[in-house]
Amino acid sequence: MTFSNAQSLSSARRPAIMRACGLGLALALAAPCLAAAANPAAQPAAATAKSKVAQIDFKRGDGGAGRLILRFDGEGAAPDLRNQDGSVVVDVANATLPADLQRPLNVVDFATPVQRIDAKSYGGGTQLVLSTRGEYESLAYQTGNEYVVEITPRTSTAAVGAVSGPGVSSAQARLAKQGYSGRPVTFNFQDVPVRTVLQLIAEESNLNIVASDTVTGNVTLRLVNVPWDQAMDIVLRAKGLDKRRDGSVIWVAPQPELAAFEKAKEDARIDLENRVDLVTDYIQINYHNAAAIFKALTEAKGIGNQGSGGGGGGNDQENGFLSPRGRIVADERTNTLMISDIPKKVAQMRELINVIDRPVDQVLIESRIVIATDSFARDLGARFGVQGREIGNNTRVISGSLENNVNIIQNGEYEIPGGLNFDLPATTASGMNVGALAYTLLGANFAIDIELSALQQEGRGEVLSNPRVVTSNQREAVIRQGREVGYVTLTGGGNQAFPTPTVEFKDVVLELKVTPTITNDDRVFMAVHVTKDEVLRFIDTSIGQVPEIATREINTAVLVDDGQTVVIGGVYEFTDANSVAKVPFLGNVPFLGAFFKKTSRSKDKAELLIFLTPKVMRVEKRGGMTQAVPQVEMPQARQPRG
């Protein structure tokens, strides 16, 4: 293993170490040149060896950042990044650009600081110019044959979870949101040992990095203005490595080695727990059902044995709420759970059951069902009759009918009631007596009868029902009030001589059915079903009376604040009717036509409103006792008069 303690290095020794690393890097870069000088035959081939740009891609990153991705065909590409006159220039001196890639790219639609990318050959290599707009920050890194440039818009507002402090840029905020908050560094490595890179990162991070003996190989990468922790992740990902951090110490090793270590550690823990003696605990369930909790725990995925005797057994590894050796049994008579397991699991189960077994808040649901009616009716009518007789050579008689004329001629009598020529008095559906004014004029041979009748009827009514019910959270409550109305029906017939009368009953009830759910923000979600029935009248039939029932019903779900009143439904009915009965022609004569017609007008209004008010009654657990704490005022009982 290689140990690197960055904290133990003093600030005075850092320049010397950096100079030594720089000297070693210079020697490593100069080695190929020295080898080429020693072997002149190899110089032309080395001078002409170049990589090629294989692909140019542009994408939009997080936070509106523009990401340019260059992929090279061949090794040894060394891009160089610089800012020039509001643009970002990338020079790749040792990479050629194919003709099909030498074209401008318009990337305005990506909504990033980059507006245009110009790719061209320059000085025997490749040059890319990124035209930008606004304030920005640049970041670049290279791993293998891929080179990535990120252009991030600069803003003064830090993102949520970003590193706090003055001068925090949008790029730093975005990296902090991704989990990177280290100091930016710039590295340019060409075939440098991975252990050397980790040593430099340890210097920048002031952390202790422990590298496994299996960490070998070299890495070539170029990083510009990259946080050191992100640079470390890039290096580890490029070489198939991973890390584990414990305080200020970071252990770096190949991924299979770390996985094998963690698996061995977990196996050792499980083996140790399998050797621990079992303990038995009895948990009294106070506010729940022990069988229901037992079912929930044993039916959980991976619990082990799911028989009625208990949970656990049969698994080689720990799963679910119990260990492989754990058992749980529910006693319904005493509402107790008996748990047998290792002490750690028993403590976890007790904590879990303590969360489940708690008192449930209650809800008082108060509803008001209001039915308001308003009716108006007005009738105007008249009765008019003329009788006359003239005896001479020719007898003339006028009355309301031919039969009446015969009586007048033969008997010499005046049939006044039967002599009405027009009979349309005012009437009312309720059978009330109407007001009337009559006038009769009698002569020796004639009689004139006139009667005017009128009626105006108004009615207002209000029916108020106020059912209330209290229930626990998420428990359905039902309250019903009403009666059963009986009626006779005939059954049978066919081969039977006579049908059999049967009495059947119809429910006429006021019913409130509600299921409340108390939310975390102190509101109540209710599934409500309200029914309000009413007997309007009885209809006479040949076998008896049959009731006519008016049904009002609503089925809905509503979310209401605690103590708030909401109208969950309403029906408004309005009827306006006008009718005229008259004698043709005569009823149309102005003023005089009022004696030959009857007019009626009626207006009926009915409105149904359903109000609902939930009130949460908090239930507190105090010293093993449960106390309901209502947050409402209940109506006071009326005192008897006296």
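Structural data are supplied above this passage.
What you see is a predicted model; the values in this text were computed from it and never measured. (Residues numbered from 1 in each chain as written. Predicted model: local features only at pLDDT ≥ 70, side-chain atom pairs only at ≥ 80, totals over all residues. Heavy atoms only, no water.)

Our next topic: the overall build of the protein chain. On a plain count of helices and strands, the protein chain comes out with nine helices and 32 strands. Classification of the 642 residues of the protein chain by burial places 34% in the buried group. Total accessible area on the protein chain is roughly 37,600 Å²; 52% of this is exposed by carbon and sulfur atoms. (Helix = DSSP H or I, 4+ residues; strand = E, 2+ residues; numbered from the N terminus. Buried < 20%, exposed > 50% of the residue type's maximum accessible area, 1.4 Å probe, protein only. Areas by Shrake-Rupley, 256 points an atom, 1.4 Å probe, with all protein chains shown as cover.)

The backbone phi angle of N206 is positive, close to 60°, even though this residue is not glycine. With respect to the element layout, N206 can be found in the loop between α4 (194–205) and β13 (208–211). A positive phi angle is found at Q474, which is not glycine, with a value near 65°. Residue placement: Q474 occurs in the loop between β25 (468–472) and β26 (477–491).

As paired strands, strand β10 (residues 136–143) and strand β14 (residues 218–227) are joined by four bridges and run antiparallel to one another. Looking at β14, one finds that Y141 is bridged to L223. Taken together, the seven bridges between strand β12 (residues 184–193) and β14 define a ladder with antiparallel strand orientation. Among the inter-strand pairings, V192 is bridged to a residue of β14, identified as V219. (Pairing = 2+ DSSP bridges.)

Hydrogen bonding along the main chain pairs the strands of a sheet, whether they run parallel or antiparallel. Within the open sheet, the five strands sit side by side as β4-β5-β9-β8-β7. Their pairing is antiparallel. In the strand order of this sheet, the two ends are held by β4 (79–84) and β7 (104–106), each with one partner. Averaged over all neighbouring strand pairs, the angle between strand axes comes to 15°, with direction disregarded. Inspection of the sheet shows β7 paired to strand β8 (residues 114–122) by three bridges, in the antiparallel sense. (Axes fitted to C-alpha atoms, helices over the stretch in contact; angles between N-to-C directions.)

Turning to a nonpolar patch on the surface, a few remarks are in order. Nonpolar side chains collect at one region of the surface, where Y439, L441 and F446 lie side by side and expose about 280 Å² of accessible area between them. With respect to the secondary-structure elements, F446 resides in strand β24 (residues 446–465). (Patch = residues over 30% accessible without salt bridge, like charges linked within 9 Å, V, L, I, M, F, W, Y side chains within 5 Å. Salt bridge = Lys/Arg side-chain N within 4 Å of Asp/Glu carboxyl O.)

The next subject is α4. Under the 1.5 Å per step criterion, the end-to-end length of α4 is 16 Å for twelve residues, consistent within 8% with the ideal 16 Å. Turning to α4, its buried residues number three or more, namely V194, V197, L198, L200, I201, A202, E203 and S205. (Expected span 1.5 Å × (residues − 1).)

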